[in-house]
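Each chain is listed here by its residues.
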Amino acid sequence: MSRIAGVLRRTFGLVREHVGTDHLGNKYYSVPEQKTWTGRVVHAKRMVETANPTEYEYIEGSIPIEWDAWIRGRRKEPPSVEELLKNESYREQIKLKANEVEERDLALQAEEYKEGLVATPARTLAKGHASSTSFGKQELSEEPSTAGNTFEPGSWIPNPKK
């Protein structure tokens, strides 16, 4: 089917030009502004043919940032291979630096806890939200339970009929 579509495109004047391919296998095309055989003006377009053509398989990051900027018209020229490699290594360096900063911060925080400069966070479990009317109140069980020889009136409330 794509072969037939390509022949029709070439026959009727809509020719797309291959601009580049990324490391994920996505192919990028540019359609220059041109007139069709009927005289209709087709404005310049930029498009991508994804490696995974099904829409449900798309995940964020399937198109590199530089190519996305070119597709959306935020940059005039398509990215070069050198630029893509440079930006990828820069992103990796940033991730490593962020991990180092986080590890240093956790170590400093642990040291401050140990020295008593900062109080350790309290580990409490509160159900609900503080603005609700039932916050802090003990919930009554909907299931009857036996407590042996002790009986507490009001410890069980039957389910209201719905």
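Residues numbered from 1 in each chain as written. Predicted model: local features only at pLDDT ≥ 70, side-chain atom pairs only at ≥ 80, totals over all residues. Heavy atoms only, no water.

A word on the pairing of strand β1 (residues 17-21)
- Here β1 pairs with strand β2 (residues 27-31) via four bridges, running antiparallel. In the strand pairing of β2, H18 is matched with Y29.
- Between β1 and β2, which pair antiparallel one after the other, the connecting turn spans five residues, and G25 there sits at a positive phi close to 95 degrees. (Pairing = 2+ DSSP bridges. Helix = DSSP H or I, 4+ residues; strand = E, 2+ residues; numbered from the N terminus.)

Quick notes on the packing of aromatic side chains
- Applying the stated rule across the entire model yields two aromatic pairs.
- With a centroid separation of 4.0 Å and 5 degrees between ring planes, the pair formed by Y28 and W67 is classed as stacked. Here Y28, found in strand β2, pairs with W67, found in helix α2 (residues 65-71); they are 39 residues apart in sequence, far enough to count as distant. Taken as a pair, Y28 and W67 share a single burial class, namely buried.
- In textbook terms, an aromatic cluster arises when at least three aromatic residues are bridged by ring pairs, as seen for Y28, W67 and W70.
- Across the ring face of Y29, the terminal group of R16 is positioned such that the distance to the ring centre comes to 4.0 Å. (Phe/Tyr/Trp six-rings, centres within 6.5 Å; stacked < 30°, edge-to-face > 60°. Buried < 20%, exposed > 50% of the residue type's maximum accessible area, 1.4 Å probe, protein only. Lys NZ or Arg CZ within 6 Å of the ring centre and 35° of its normal.)

So, the layout of surface pockets
- By volume, the largest pocket amounts to about 380 Å³.
- Lining the largest pocket are 18 residues; nearest its centre among them are H23, I63, P64, I65 and R91.
- Take the lining of the largest pocket: its biggest share by element is five residues, from helix α3 (residues 81-115).
- Looking at the lining of the largest pocket residue by residue, the class counts come to eight nonpolar, three polar and seven charged. (1 Å grid on protein atoms, 1.4 Å probe; cavity = no way out; pocket = protein on both sides within 12 Å on 5 of 7 lines; lining within 4 Å. Points joined across faces, edges and corners; volume = space filled by probe spheres on them. Nonpolar A, V, L, I, M, F, W, Y, C, P; charged D, E, K, R; others polar.)

Some details on a negative patch on the surface
- A cluster of acidic residues, E100, E102, E103 and D105, forms a negative patch at the surface.
- Tracing the backbone through its elements, the reader meets E103 in helix α3.
- Given a relative accessible area of 56%, E103 falls into the exposed group. (Patch = residues over 30% accessible without salt bridge, like charges linked within 9 Å, V, L, I, M, F, W, Y side chains within 5 Å. Areas by Shrake-Rupley, 256 points an atom, 1.4 Å probe, with all protein chains shown as cover. Salt bridge = Lys/Arg side-chain N within 4 Å of Asp/Glu carboxyl O. Lys, Arg positive; Asp, Glu negative; His and termini not counted. Charge placed at Lys NZ, Arg CZ, Asp CG, Glu CD.)

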